[in-house]
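# Observations on the model geometry
Here's the letter readout for the chains.
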Amino acid sequence: MSPEDFRQAAEQLTEWIIEYRTGIERYPVKSQVLPGDVSKSLPAHAPASGESFDEVLKDVQKLILPGVTNWQSPNFFAYFPANASEPSMLGDLLSSAMGVQGMLWETGPACTELEIVVLDWLAEMLELPPQFHSRNSGGGVIQDSASSATLCAILSARERATDYSSNENGCRQSLTAYTSAHAHSSIEKDIKIAGIGRKNLRLIEVSDDFTMRPELLEKAIEQDKTDGHIPFFVCAAVGTTSTLAIDPVEEIGRICRKHNVWLHVDAAMAGSAAICPEFRHIHKGIEYADSYVFDAHKWLFTNFDCSCYYVADRSQLINALSITPEYLRNTASESGAVTDFRDWHVPLGRRFRALKLWFVIRHYGVEGLQFHIRQHVELTQWLVEKIKGDARFEIAAPPSLNLVCFRLKGSDEQNQQLMTTLNKSGKMYLSHTRLNGRFVIRLCVGQTRTERRHVEQAWAMIKAESEKLG
Ligand SMILES: Cc1ncc(COP(=O)(O)O)c(C=O)c1O
């Protein structure tokens, strides 16, 4: 593609993107296609000769767009958000254009150093304890997902607990790990990947508010010790997936200290809220953590992927993951003066993801980010009051930040039907969970462009549809 063709195509694409994003409310939030519809509409074989960008873009509109669930719609309230913003998109585009592969400082000095600086900014914005800053013993790194970051935490914990022998000999010790019964499924997946064995993950029961019960955690650790196991890893959730419940990190942390167990804090969704001082209580006890993760790609206006993983002692992470073949040796690494992020996660290669985060923080400023997070929480609280004030509905879990779990006072089937009908309408998208065996609808306010009118409209539709159910 010549520079002139690129200019034309980029202008065309930019126009398309602006049109798409400004008109996004025209499209159904949840894609209405059936399985196989998209693939059926595409040719079975690659074109033998090149096609014009114009043709490709036409097919995006005609064949791809109907199969897109519009996560960026202001009426997207399902799961947790993946909120993107224009500055973030521009940062990502620039990263693609530079095509830097920053596995080593040597292969990407700016890629490495900007990431260190931006993650230190973020640590300050969230008021993380000093040990998580790069100027001290720890530091942060951008990973592709919270799932991968938690895997790194488990691997570091496994190595620390086995005196760095598992990497050499395989894990022969009987290690045991702990998390709450409401923790994200990625913990279990990572435990399997790390060779710990799913049966060695203890799912600790939760209280009525769906937070981990620390006394049961301690009991489980003590029982395992008595039985000859080595408790090595605890994951506390700051914001569980079903209800955004905040585990009592301080009490959990004290137990971990006492028993010399690694504490990982999974704040994938809720962590972003801590940029507002009034929500920082969610991090109470975080000083006990060995590692911490939150997803800027969920609620910090940065498009996927951008998981921010922090460690209190970087040497433990590096010792667990570092491996140096001859072809990666270089003077800068050997001088000890630089950070090589290849040692901070599973993949070797890495994109210049710090650019998008840098663009986002500089565009909004800390105050701008705080404003939007506060607005999401405020809108959620507004909705909570509306639900509480309507005798046909009940709140199904303590409302937390920007998530409300509710249900129609009726059968599971009625609730399921209510959600399915609303999602089929294309006007909004909700998801569900099951609490104490009952079907519960989740509504999370976190999209970049969600305003009061969208939440008001959602509530009006929920009420109208539930009336039809009788
Ligand atoms: C609490 C929690 N942890 C981890 C994850 C996994 O996130 P990721 O997609 O970044 O792996 C999620 C996803 O929703 C989550 O809610």
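This text goes with the structure placed above it.
Residues numbered from 1 in each chain as written. Predicted model: local features only at pLDDT ≥ 70, side-chain atom pairs only at ≥ 80, totals over all residues.

## Comments concerning the overall build of the protein
The number of helices and strands found in the protein is 16 helices and 11 strands. The globule rule puts the C-alpha radius of gyration for 470 residues at 23 Å, and the 24 Å found for the protein is close to it. For the protein, the spread of C-alpha atoms along the three principal axes comes to 65 × 60 × 45 Å. For the protein, buried positions account for 44% of its 470 residues. Considering only intrachain contacts with a sequence separation of at least 6, the fraction spanning at least 24 residues in the protein is 74%. (Helix = DSSP H or I, 4+ residues; strand = E, 2+ residues; numbered from the N terminus. Rg over C-alpha atoms; globule rule 2.2 N^0.38 Å. Buried ≥ 20, exposed ≤ 12 C-beta atoms within 10 Å, placed from the backbone. Contact = placed C-beta atoms within 7 Å.)

## Considerations on the site of the ligand
Around the ligand sit 14 residues, and of these Ser 145, Ala 146, Ser 147, His 184 and Ala 268 come closest. Its residues placed into classes, the shell around the ligand shows five nonpolar, seven polar and two charged. (Near = placed C-beta within 6 Å. Nonpolar A, V, L, I, M, F, W, Y, C, P; charged D, E, K, R; others polar.)

## Quick notes on the pairing of strand S7 (residues 307–311)
Buried residues dominate S7, accounting for five of its five residues. In terms of strand pairing, strand S1 (residues 139–143) meets S7 through five bridges, oriented antiparallel. Its bridge partner being in S7, Ile 142 is matched across the sheet by Cys 308. (Pairing = 2+ DSSP bridges.)

## Considering the sheet that holds strand S5 (residues 262–266)
Sheet architecture is open: seven strands sit in the order S1-S7-S6-S5-S4-S2-S3, paired in mixed fashion. The open sheet terminates on both sides in strands that have one partner only, identified here as S1 and strand S3 (201–204). Pairwise comparison of adjacent strand axes, ignoring direction, gives a mean angle of 20 degrees for this sheet. Bridge count between strand S2 (residues 175–180) and S3: four bridges; the pairing is parallel. Pairing of Thr 179 across the sheet is with Leu 203, part of S3. (Axes fitted to C-alpha atoms, helices over the stretch in contact; angles between N-to-C directions.)

## Describing helix H8 (residues 185–193)
Among the residues of H8, those classed as buried are Ser 186, Ile 187, Asp 190 and Ile 191. Take H8 and look down its axis: the buried residues cluster within an arc of 140 degrees, on one side only. Turned more than 90 degrees away from the buried face of H8 sit Ser 185 and Lys 192, all of them exposed. Tucked into the core, H8 has its buried residues touching helix H6 (146–161), S2, S3 and strand S4 (230–237). With its phi angle positive at about 75 degrees, Gly 195 sits one or two positions after the end of H8. (Arc of directions from axis to C-beta.)

## What to know about the nonpolar core
If you look at the biggest cluster of nonpolar residues, it comprises 123 residues, and the most contacted ones within it are Phe 77, Val 234, Ala 236 and Leu 263. The biggest single contributor to this core is helix H14 (residues 354–388), with 13 residues. Beyond its immediate stretch of four places on either side in the chain, Phe 77 contacts Met 428, Tyr 429, Leu 430, Leu 443, Cys 444, Val 445 and Ala 458. (Core = buried A, V, L, I, M, F, W, Y, C linked by C-beta atoms within 7 Å.)

## Points about the sheet that holds strand S10 (residues 431–435)
The four strands lie next to each other as S8-S9-S11-S10, forming an open sheet whose pairing is antiparallel. At either margin of the open sheet sits one strand with a lone partner, and together these are strand S8 (393–395) and S10. Adjacent strand axes in the sheet meet at a mean angle of 40 degrees, parallel and antiparallel pairs treated alike. Bridge count between S8 and strand S9 (residues 403–408): three bridges; the pairing is antiparallel. Directly across from Glu 394, in S9, lies its bridge partner Arg 407. Set on the sheet, helix H15 (residues 412–425) makes contact with S9, S10 and strand S11 (438–444); between it and S11 the angle comes to about 30 degrees.

## Brief notes about the environment of Asn 436
Tracing the backbone shows Asn 436 in the loop between S10 and S11. The spatial distance from the C-alpha of Asn 436 to the C-alpha of Ala 78 is 20 Å, given a sequence separation of 358 residues.

## What about the packing of helix H4 (residues 86–98) against H14?
As a packed pair, H4 and H14 sit with axes 7 Å apart at the nearest point and diverge in direction by 150 degrees. Our classification of the angle between H4 and H14 gives roughly antiparallel. Read as a crossing pair, H4 and H14 show a hand that is right-handed. Between H4, through Pro 87, Ser 88, Leu 90, Gly 91, Asp 92, Leu 94 and Ser 95, and H14, the contact on the second element is made entirely by Leu 355, Lys 356, Trp 358, Phe 359, Val 360 and His 363. Its residues placed into classes, the contact of H4 with H14 shows seven nonpolar, four polar and two charged. (Parallel < 35°, antiparallel > 145°, perpendicular 65-115°, else oblique. Left-handed = near helix turned anticlockwise from the far one by under 90°.)

## Side note on the pairing of S5
Counted residue by residue, S5 has five buried out of five residues, so it is predominantly covered. Residues Trp 262, His 264 and Asp 266 line one face of S5 and the alternating positions Leu 263 and Val 265 line the opposite face, and both faces are buried. In this sheet, S5 lies alongside S4 in parallel orientation, the contact comprising five bridges. Along S5, the bridge assignment pairs Phe 233 with Trp 262. Assessed by its sense of winding, the connection that carries the chain from S4 through helix H10 (residues 249–258) to S5 is right-handed. For S5 and strand S6 (residues 291–295), the ladder comprises three bridges, and the chain directions are parallel. Looking at the pairing, Asp 266 lines up with Val 293 of S6. (Right-handed = clockwise from strand over helix to strand, strands pointing away.)

## As for the environment of Glu 367
Mapped onto the elements, Glu 367 comes out in helix H14. The sequence separation of Glu 367 and Gly 67 amounts to 300 residues, and the corresponding C-alpha distance is 36 Å.

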